[in-house]
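# Summary of the model geometry
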Amino acid sequence: MFFALDADEFLVVNSINFLNGLKPAQVFNLERYDYVMTQENLEHDIFISMNRRFQIKSKDGDKVFFSHDKDRYLDYSISQGNHSLSSKINKDIRKNNSDIWIAHFPYRGVRHYLNKIIIGSQAMLVRNKDFLCENNPFAIHWRSEYNYIKNNSALISFEKYICRVYSVKNSSDFYELTVLDQLNLDSDIKYFNLRKNRDPLFNVIANFENLSKLFWIEKERSLVSLVILKLSTVINKIRSRKQKIYRSIYKRLH
């Protein structure tokens, strides 16, 4: 079986009977449910702080998983976001029997929300110079959230965070849409959110520094020069490898 998961997704397997009965080259959809924050401060164990999930599936859509096809695996290609599987062969995507689904943790508090929107908006500005133009259809959601954060000087309360992220009028509506369902794992997670919890301003500065370096590299060097630089590096590695082989052969012959 092949499952394509993001870092903020966990595979929930209620029964392995479904997996045991699979045949090669079968493709299934994988339902995904978003887990949400229930308290302002994130605990070391995120599953305690995020012990509720939406009753309906994630608005970002299902994902796919499939059983291995050793004979024709090169004919398959996974789409961006792992939401679908394209193939040279016509393949029906079947619905699984809910024994397997994805627990998704997309937003982990106000700080994570600010980081995600601020950093993501910088990337959008690099991709599209008219990103902030009101009539530009490109990345409308990112622009809307970025302007909201900027207009409020990044001072977002937990209540406002809930309303913005989950598109509800108030927290009481939010609780009606979710159900208590704390995720319990069979083993410990090595990395937690708090270990990489940095201030949004730090991330902005670090990200801007990287963007500046890329900008000036492209400004000062032509595309041809960058290609030549890359090729020369590869060629030097090949030459070094050949010299090692020659020296080895010489020692053996003498």
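Just above, that's the structure.
Here the structure is a predicted model, which is why all the values come from computation and not from measurement. (Residues numbered from 1 in each chain as written. Predicted model: local features only at pLDDT ≥ 70, side-chain atom pairs only at ≥ 80, totals over all residues. Heavy atoms only, no water.)

### Considerations on the packing of aromatic side chains
- One pass over the structure, following the stated rule, counts 14 aromatic pairs.
- Consider the rings of Tyr33 and Trp101, whose centres lie 5.7 Å apart with planes at 90°: the pair is edge-to-face. With Tyr33 in strand β4 (residues 32-36) and Trp101 in strand β10 (residues 100-104), this residue pair connects regions lying 68 residues apart in the sequence. The burial state of Tyr33 is the same as that of Trp101; both residues are buried.
- Considering the side-chain rings of Phe54 and Phe174, the 6.3 Å spacing of their centres and the 80° angle between planes classify their relative orientation as edge-to-face. Of the two residues, Phe54 is situated in strand β5 (residues 52-54) and Phe174 in helix α6 (residues 171-177); the sequence distance between them amounts to 120 residues. The burial state of Phe54 is the same as that of Phe174; both residues are buried. (Phe/Tyr/Trp six-rings, centres within 6.5 Å; stacked < 30°, edge-to-face > 60°. Helix = DSSP H or I, 4+ residues; strand = E, 2+ residues; numbered from the N terminus. Buried < 20%, exposed > 50% of the residue type's maximum accessible area, 1.4 Å probe, protein only.)

### Remarks on the side chain of Arg53
- Here Arg53 is to be found in strand β5.
- Of the polar contacts made by the side chain of Arg53, one reaches the side chain of Asp181; its length is 2.8 Å.
- Non-local contacts of Arg53, meaning those with residues more than four positions away in its chain, are made with Tyr33, Asp34, Tyr35, Trp101, Leu177, Thr178, Val179 and Asp181. (Polar contact = N/O pair within 3.5 Å; in protein donor to acceptor, adjacent residues only side chain to side chain. Contact = heavy atoms within 4.5 Å.)

### Here we look at the nonpolar core
- Ala103, Phe105, Tyr113, Tyr161, Tyr166 and Leu183 are the most contacted members of the largest nonpolar core, which totals 31 residues.
- If you list the elements that add at least two residues to this core, you get β2 (9-13), β4, α2 (46-49), β10, α3 (110-127), α4 (140-151) and α5 (158-166).
- Discounting chain neighbours no more than four positions away, the residues touching Tyr161 are Met37, Tyr107, Arg108, Gly109, Val110, Tyr113, Ile156 and Tyr166.
- Counting residues in hydrophobic clusters, the runner-up holds seven residues, among them Phe28, Phe65, Ile100 and Ile102. (Core = buried A, V, L, I, M, F, W, Y, C linked by side-chain atoms within 4.5 Å.)

### Focus: α3
- Over its 18 residues, α3 extends 26 Å from the first C-alpha to the last, a length consistent with the 26 Å expected when each residue adds 1.5 Å.
- Listed in full, the buried residues belonging to α3 are Val110, His112, Tyr113, Leu114, Asn115, Ile117, Ile118, Gly120, Ser121, Gln122 and Met124. (Expected span 1.5 Å × (residues − 1).)

### Remarks on the environment of Ile56
- Along the chain, Ile56 turns up in the loop between β5 and β6 (63-66).
- A sequence separation of 121 residues divides Ile56 from Leu177, and the C-alpha atoms of the two residues are 8.1 Å apart.

### Focus on the side chain of Asp34
- In this structure, Asp34 sits in strand β4.
- Buried charge without a partner: Asp34 forms no salt bridge, and the closest opposite charge is Arg32, 5.2 Å away.
- Here His104 takes part through its side chain, which lies 2.8 Å from a polar atom of the side chain of Asp34.
- Setting aside residues no more than four positions away along its own chain, Asp34 makes contact with Arg52, Arg53, Phe54, Ser58, His104 and Pro106. (Lys, Arg positive; Asp, Glu negative; His and termini not counted. Salt bridge = Lys/Arg side-chain N within 4 Å of Asp/Glu carboxyl O.)

### Some thoughts on a positive patch on the surface
- Together, Arg241, Lys244, Arg247 and Lys251 give the surface a local cluster of positive charge.
- Mapped onto the secondary structure, Arg241 falls in helix α8 (residues 223-253). (Patch = residues over 30% accessible without salt bridge, like charges linked within 9 Å, V, L, I, M, F, W, Y side chains within 5 Å. Areas by Shrake-Rupley, 256 points an atom, 1.4 Å probe, with all protein chains shown as cover. Charge placed at Lys NZ, Arg CZ, Asp CG, Glu CD.)

### Considerations on the sheet that holds strand β11 (residues 178-180)
- What the five strands build is an open sheet, ordered β2-β10-β4-β5-β11; its pairing is mixed. Among the strands making up the open sheet, the edge pair consists of β2 and β11. Each neighbouring strand pair of the sheet contributes to a mean axis angle of 35°, computed without reference to strand direction.
- Pairing of β2 with β10, which is carried by five bridges, proceeds in the antiparallel orientation. Its bridge partner lying in β10, Leu11 is registered against Ile102. (Pairing = 2+ DSSP bridges. Axes fitted to C-alpha atoms, helices over the stretch in contact; angles between N-to-C directions.)

### Some thoughts on the environment of Thr178
- Looking at the secondary structure, you find Thr178 in strand β11.
- Assessed through its relative accessible area of 3%, Thr178 is described here as buried.
- Not counting chain neighbours up to four residues away, the residues in contact with Thr178 comprise Val36, Arg52, Arg53, Phe54 and Gln55.
- Among the polar contacts made by the side chain of Thr178, one reaches the side chain of Arg52 at a distance of 2.9 Å.

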